[in-house]
Amino acid sequence: MSSTPAAASGPASAGTRRGRPGYDQQSVLTIAVNVFNKHGYEATSMGILAENLGITKSAIYHHVPSKGDLLRLALDNALGGLEAVLDDARASSGPADEQLEFVLRGTIQVLTERLPFVTLLLRLRGNTEIERDALARRREFDHRVAKLVDAARSEGSLRSDIDPRTTTRLLFGTINSIVEWYKPGGPISPDQLADDIISMVFHGLHRS
């Protein structure tokens with residue numbers, strides 16, 4: 001199966017707010033996410049954000065009320081994309097292994113399209129309420145995928161000697177590692193990356 005979900009791309013999940021000339025909420029958010037990933041969310045002050053944006057700290061507040069709101073918008077972007085994959089009709093119709101493949105392809109698509117945002121999500125430590133809420137949503141996503149793995153095992157399309165929770169952890173350990181090495185615009189396209197991962201996951205590395 002080669003179809004992928006029509007997940008909306010773009011870094012902001014909320015409506016764009018206009019602020020000082022040259023910036024809007026979307027562009028502020030994009031730069032902020034890159035700074036969070038570079039320095040860590042807790043270590044990033046509004047002063048550091050202002051320096052990277054080339055504006056004053058007070059000017060940032062024309063776009064968002066606080067640093068926490070930037071984090072919330074960024075995490076909503078990543079999680080909203082992932083949740084949209086599971087909410088697509090193709091993730092709940094047909095054989096379970098095809099549903100699982102669709103979800104894995106969709107997850108890879110979201111990760112490659114929203115790489116900085118998903119990277120931020122994967123590096124959360126749960127030190128704030130915003131982070132804990134995001135981690136709870138991520139656990140629910142993983143739980144729903146584990147149910148797909150279990151359904152595919154029950155249908156006989158996946159091997160049954162591996163615990164579905166272990167399978168899910170290994171699947172997403174592989175997919176999540178993409179953020180550490182994948183370079184958008186490099187020699188491997190997102191579609192080729194998805195094909196390679198799906199082939200390895202479902203068929204292994206042995207020659208047929």
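Above this text is the structure in question.
What comes next concerns the included structure. In this text the structure is predicted, and so the values were computed from the model without any measurement. (Residues numbered from 1 in each chain as written. Predicted model: local features only at pLDDT ≥ 70, side-chain atom pairs only at ≥ 80, totals over all residues. Heavy atoms only, no water.)

**Side note on the nonpolar core**
Step number 1: In terms of nonpolar packing, the biggest core is built from 56 residues, with Leu 49, Ile 60, Leu 70, Val 103, Leu 121, Ile 175 and Ile 178 touching the most fellow members.
Step number 2: With 10 residues, helix H4 (residues 67–87) is the largest single contributor of residues to this core.
Step number 3: For Leu 121, the contacting residues outside a window of four places in its chain are Leu 75, Ala 78, Leu 79, Leu 82, Ala 134 and Arg 138. (Core = buried A, V, L, I, M, F, W, Y, C linked by side-chain atoms within 4.5 Å. Buried < 20%, exposed > 50% of the residue type's maximum accessible area, 1.4 Å probe, protein only. Helix = DSSP H or I, 4+ residues; strand = E, 2+ residues; numbered from the N terminus. Contact = heavy atoms within 4.5 Å.)

**Quick look at the side chain of Thr 112**
Step number 1: Positionally, Thr 112 belongs in helix H5 (residues 96–113).
Step number 2: When its relative accessible area of 9% is taken as the criterion, Thr 112 is described as buried.
Step number 3: A distance of 3.0 Å separates a polar side-chain atom of Thr 112 from the backbone oxygen of Gln 109.
Step number 4: Contact partners of Thr 112, with chain neighbours within four places excluded, come to Tyr 182, Pro 190 and Leu 193. (Polar contact = N/O pair within 3.5 Å; in protein donor to acceptor, adjacent residues only side chain to side chain.)

**Remarks on the environment of Ser 92**
Step number 1: Within the element layout of this structure, Ser 92 appears in the loop between H4 and H5.
Step number 2: Spatially, the C-alpha atom of Ser 92 lies 9.7 Å from that of Phe 102, the residues being 10 residues apart in sequence.

**Observations regarding the packing of aromatic side chains**
Step number 1: Applying the stated criterion across every chain, the model contains three aromatic pairs.
Step number 2: Where Phe 36 meets Tyr 41, the ring centres are 5.1 Å apart and the plane angle is 75°; that geometry is what we call edge-to-face.
Step number 3: Among the residues examined, Phe 36 registers a relative accessible area of 2% and is labelled buried.
Step number 4: With centroids separated by 5.7 Å and ring planes inclined at 75°, the aromatic side chains of Phe 141 and Phe 172 adopt a geometry described as edge-to-face. Note that Phe 141 is positioned in helix H7 (residues 129–155) and Phe 172 in helix H8 (residues 164–176), a separation of 31 residues in sequence.
Step number 5: With relative accessibility at 6%, the residue Phe 172 sits in the buried group.
Step number 6: In this structure, Lys 67 is placed above the aromatic ring of Tyr 41, and the distance from its NZ or CZ to the ring centre is 4.3 Å. (Phe/Tyr/Trp six-rings, centres within 6.5 Å; stacked < 30°, edge-to-face > 60°. Lys NZ or Arg CZ within 6 Å of the ring centre and 35° of its normal.)

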